[in-house]
Amino acid sequence: MSELSIAVFVSGGGTNLQALIDAAGEGRLNGRISAVISNNSGSHALVRAANAGINGYHISGKRYPDGSDFVTAILEALDKHTINLIILAGYMKLLPIEIIRKFKSRIINIHPALLPKYGGEGMYGLNVHRAVIRSGDMLSGASVHFVDEIFDHGAILIQRTVPVLSDDSPESLSARVLRIEHKILPMAVRMFL
Ligand code: GAR
């Protein structure tokens, strides 16, 4: 494989997308971000994509009552850019099973905890950090893993830890974990290659 053609799926602010854009700009990615796909039209990640001259797509399940039309819309965007790696970077939806099967071993996800702990249904964004603080764990971190058909389950590519401080709020822990996420996500893309 020569240069990777990457699609990044996002839902929110897109700081992980920005870390990937910056890494690509500095020649640290071995890949080109060809498309950004968001389920949320108001996602700041789409603004980041536009600022970087990357094609942005708003593809939401809500606009496609028929699930197969939703899958087709995603596949059309992916085919248009001959995508060979999908990165879920703060994508708060389950990817349709058809896409997971078609891109088997070519989808990675970043998760804001040390999987297999704090993964699965309902474990996203600040919910994860709330659960970690409630548990009394002294370590948290971030994981990049391959996506398979089970939620937050596939093989782990890379993990890094951060301390959980006694006065942490979900927001302060999230900020510490995000700093690690921004480092390990571009590293994971290089490992993938
Ligand atoms: C990140 O912390 C990411 O790990 C998390 O959402 C945040 C998105 O931030 N993803 C999940 O919780 C998915 N289960 P960003 O939009 O600033 O990159």
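Keep in mind the model is a prediction, meaning the values are calculated, not measured.

Caption draft 1: Molecular detail of the site of the ligand. In the vicinity of the ligand there are 14 residues, among which Gly14, Thr15, Asn16, Gly125 and Glu181 approach most closely. Asparagine 16 has a polar backbone atom sitting 2.9 Å from an oxygen atom of the ligand. Glutamate 181 has a polar side-chain atom sitting 2.7 Å from an oxygen atom of the ligand. Here the ligand loses 90% of its free accessible area of 450 Å² to cover by the protein chains. Mapped onto the shell around the ligand, the elements with two or more residues apiece are helix 1 (15-25), strand 5 (107-111) and helix 6 (170-192). The residue makeup of the shell around the ligand, split by class, is 6 nonpolar, 7 polar and 1 charged.

Caption draft 2: Quick look at the packing of aromatic side chains. Going through the model one piece at a time under the given rule, you end up with 3 aromatic pairs. Where tyrosine 64 meets phenylalanine 70, the ring centres are 6.3 Å apart and the plane angle is 40°; that geometry is what we call tilted. The partly exposed category is assigned to tyrosine 64, whose relative accessible area is 24%. Between phenylalanine 146 and phenylalanine 192, the ring centres sit 6.3 Å apart and the planes meet at 50°, which makes this aromatic pair tilted. Placement of phenylalanine 146 in strand 6 (residues 139-146) and of phenylalanine 192 in helix 6 is noted, with a sequence separation of 46 residues between them.

Caption draft 3: Fine view of the sheet that holds strand 3 (residues 55-58). Ordered in space as 3-2-1-4-5-6-7, the 7 strands form an open sheet in which the pairing is mixed. The sheet is open, and its two borders are formed by strand 3 and strand 7 (156-163), each paired with just one other strand. Strand-to-strand twist across the sheet, computed as the mean angle between neighbouring axes with direction ignored, equals 20°. In this structure, strand 4 (residues 85-88) lies alongside strand 5, joined through 3 bridges in parallel fashion. Its bridge partner being in strand 5, isoleucine 86 is matched across the sheet by isoleucine 107. Against the sheet, helix 3 (residues 67-80) engages strand 1 (4-10), strand 2 (31-38), strand 3 and strand 4, with an angle of about 150° to strand 1.

Caption draft 4: Highlighting the packing of helix 5 (residues 125-135) against helix 6. At a minimum axis distance of 9 Å, the contact between helix 5 and helix 6 shows a crossing angle of 110°. The angle between the axes of helix 5 and helix 6 places the two elements in the roughly perpendicular class. Contacts between helix 5 and helix 6 involve Leu126, His129, Arg130, Val132 and Ile133 on the former and, on the latter, Pro170, Glu171, Leu173, Ser174 and Val177. In the contact of helix 5 with helix 6, the residues fall into 6 nonpolar, 2 polar and 2 charged.

Caption draft 5: Here's a closer look at the nonpolar core. Core analysis: the largest hydrophobic core is formed by 39 residues, its most contacted members being Val8, Val36, Ile87, Ile108, Val144 and Val189. No other element matches helix 6, which puts 8 residues into this core. Isoleucine 87 has contacts with Ile6, Ala7, Val8, Phe9, Leu20, Ile108, Leu185 and Val189, leaving out every residue within four places of it along the chain. Counting residues in each nonpolar core, the second largest holds 23 residues, with Phe9, Leu75, Ala77 and Tyr91 among its members.

Rules used in this analysis
- Throughout, a residue's number is its position along its own chain's written sequence, starting from 1.
- Per-residue local features of the predicted model are confined to residues with pLDDT of at least 70, and side-chain atom pairs are confined, for both listing and counting, to 80 or more; whole-chain, interface and lining totals are unaffected and use all residues.
- As a rule here, side-chain values cover all heavy atoms of the structure and leave hydrogens and water aside.
- We call a residue near a given molecule or strand whenever any one of its heavy atoms falls within 4 Å of it.
- Any N or O atom pair separated by 3.5 Å or less is treated as a polar contact, with the protein-specific requirement of one donor-capable and one acceptor-capable atom, and with residues adjacent in sequence counted only for side-chain atom pairs.
- All accessible-area figures derive from a Shrake-Rupley calculation using a 1.4 Å probe, and residue coverage is judged against the displayed protein chains alone.
- Only DSSP runs of H or I covering at least 4 residues are called helices, and only runs of E covering at least 2 are called strands; the numbering of each starts at the N terminus.
- Here the term charged refers only to Asp, Glu, Lys and Arg, the term nonpolar to Ala, Val, Leu, Ile, Met, Phe, Trp, Tyr, Cys and Pro, and the term polar to all other amino acids, Gly among them.
- Here a Phe, Tyr or Trp ring, Trp counted by its six-membered ring, pairs with any other such ring whose centre lies within 6.5 Å, and the pair is stacked when the planes are under 30 degrees apart, edge-to-face when over 60, and tilted otherwise.
- Relative accessibility decides the category of a residue: with a 1.4 Å probe and only protein chains considered, values under 20% of the type maximum give buried, values over 50% give exposed, and everything between is partly exposed.
- By the convention used here, strands pair only if DSSP detects at least 2 bridges between them.
- As a rule, the C-alpha atoms of each element are fitted with a line to give its axis, helices using only the stretch in contact, and angles between N-to-C directions run from 0 to 180 degrees.
- Here a residue-residue contact requires only that any non-hydrogen atoms of the pair lie within 4.5 Å.
- Should an angle fall under 35 degrees it is taken as roughly parallel, and over 145 as roughly antiparallel, whereas 65 to 115 is taken as roughly perpendicular and any remaining angle as oblique.
- For the purposes of this section, nonpolar cores are sets of buried Ala, Val, Leu, Ile, Met, Phe, Trp, Tyr and Cys residues that join through side-chain atoms within 4.5 Å.

In short, shape yes, function no, at least from these values alone.
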